[in-house]
Every structure is written in structure tokens, then in C-alpha cells.
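Single-letter residue listing:
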Amino acid sequence: DTEVTQTPKHLVMGMTNKKSLKCEQHMGHRAMYWYKQKAKKPPELMFVYSYEKLSINESVPSRFSPECPNSSLLNLHLHALQPEDSALYLCASSEGKETQYFGPGTRLLVL
Amino acid sequence: SQQGEEDPQALSIQEGENATMNCSYKTSINNLQWYRQNSGRGLVHLILIRSNEREKHSGRLRVTLDTSKKSSSLLITASRAADTASYFCATDGHSWGKLQFGAGTQVVVTP
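Residues numbered from 1 in each chain as written. Chains lettered and ligands numbered in written order. Predicted model: local features only at pLDDT ≥ 70, side-chain atom pairs only at ≥ 80, totals over all residues. Heavy atoms only, no water.

**Here's the deal with the sheet that holds strand S7 (residues 64-70) of chain A**
Residue and element names in this part refer to chain A. With antiparallel pairing, 4 strands are arranged side by side in an open sheet as S1-S3-S8-S7. At either margin of the open sheet sits one strand with a lone partner, and together these are strand S1 (4-7) and S7. The average undirected angle you get between the axes of adjacent strands in this sheet is 20°. Where S1 and strand S3 (residues 18-25) come together, 4 bridges link them in antiparallel fashion. By the bridge assignment for S3, Val-4 is matched with Gln-25. (Pairing = 2+ DSSP bridges. Helix = DSSP H or I, 4+ residues; strand = E, 2+ residues; numbered from the N terminus. Axes fitted to C-alpha atoms, helices over the stretch in contact; angles between N-to-C directions.)

Written out as C-alpha cells, the structure is:
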């Protein structure tokens, strides 16, 4: 299995809602990543987990809360988001520090 | 902050033509990667070139790296409509697993 899966594909939420994005990989990769991507822009790194421990937090607001329950799963919990948080959220995984394998993304709209 | 800058920002060509895009970066690197992103989807890894390599081929892709000029180019030969996508270069950042993406080149291949 060489795939990274993400659910849901689309999500619409209000500013008072709590929701979660999920990411799963079964390639045995030790690192997993969350990126945020706005239209016509490159992905921006949010968080990196290595061996299930948070290793990089790119000064992301606390309304985004990552969680790595095990080596195959990565969640991103969302709470009290703002309309400017609307974006494509990408998950990726890697074995080493080089090539990353991306999921298809979750398109989030915050109303 | 972005490490790489790409040009052109957009490129429109006809099927069968070659497409060339360039990436420049600012600091020393261990490797440089190119990724493709179809509209609204995840990124797909295309090719990685290490700092001690000058040229690399993969199918219809040719990548060059000039570390003295801190630049790389991606050539797609005999383009197809399916090559329509955004192409991003990415360099390894100072932190483990942290990729620095360029702004991207949007390529449109018309039949």
C-alpha cells in the first residue's frame, strides 16, 4: 500500500464548530506532516511528527491541534476557526527526511 | 519563508512541445526535489537530485542542478494534456523533514 488517505474530502464548518481531519498511511513511514495550502500558493508546513512525537510546530494558532494516536494515523483537530483558515489541508508521510508522499487533501471552508 | 523561487509563474504550450521551468534557491542544499500537483489534489513526487549530481532523467523528465548558481531546471519533453498541473521545486530545509517549496509554475498543455 503506497497511499496516503485523508478524510473527509470536503468539510464546511462554522466558526463555533469542532471538527477533525484524519490522515492514514500504511507504508510504515516514521514521519507524518500537516500542510496548509491556499489557492495558487505552495504548501505551508504546519506540523511534523516523527516517531509519533511532535517535532516541528510552525507557530500554528492553537485553534489547530494535531494528534498522532499511532504510527499510521494523524489527526488535525479544528476548533473556533476563522474564515481565513479556509484552505486545502494536506497530509504527507515519509520514511526519511527526503521524499514525502502526499494525500489528496481535505478542502475546508469556514463560514 | 520560501526557499525557492520559480519561473515562469505560468506556461501554456501545445501537446508535443517541451516545457521548461526553473527554480532558484538561496541557501546550500543537500538535495532538490520536484513535485507535481493536479488541480486541487495532493502533490506527487517526480524526481530528486542530490547536490553532487548535475543532471538526472526519469522518463520524459530531465532535471538539472547548478549549485554554483543555486538553480535547477525541470524539462518535460513531448508534453501531453495530462501534464497539465502545477509544478513545485522543494529544497531540504534546516530542520529534519522540513521542505521549502518554491512558488510553483502552472503548466497548461492544450491538445
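**Some details on the layout of surface pockets**
Residue and element names in this part refer to chain B. A volume near 600 Å³ is recorded for the largest pocket. Mapped by element, the contributors of at least two residues to the lining of the largest pocket are strand S9 (85-92) and strand S11 (105-110). Looking at the lining of the largest pocket element by element, the count peaks at 4 residues for S11. (1 Å grid on protein atoms, 1.4 Å probe; cavity = no way out; pocket = protein on both sides within 12 Å on 5 of 7 lines; lining within 4 Å. Points joined across faces, edges and corners; volume = space filled by probe spheres on them.)

**Brief notes about the pairing of strand S11 (residues 106-110) of chain A**
Residues and elements named next belong to chain A. Side chains Thr-106, Leu-108 and Val-110 of S11 all project onto a buried face; the interleaved residues Arg-107 and Leu-109 project onto a face where none is buried. Note that strand S9 (residues 87-94) and S11 share 3 bridges and pair antiparallel. Bridge pairing links Leu-88 to Arg-107 in S11. (Buried < 20%, exposed > 50% of the residue type's maximum accessible area, 1.4 Å probe, protein only.)

**Details of the state of the cysteines**
In protein structure, a disulfide is the covalent linkage between the sulfur atoms of two cysteines. All names here are of chain B. Overall, the coordinates contain 2 disulfides over all chains when judged by the stated rule. Residue Cys-23 pairs covalently with Cys-89 via a disulfide, S to S 2.0 Å. Residues Cys-23 and Cys-89 share a disulfide whose torsion about the S-S bond is about 70°; that sign makes it right-handed. You can see Cys-23 sitting in strand S3 (residues 19-24) and its partner Cys-89 sitting in strand S9, a full 66 residues away along the chain. Each member of the pair, Cys-23 as well as Cys-89, carries the same accessibility label: buried. (Disulfide = S-S within 2.5 Å.)

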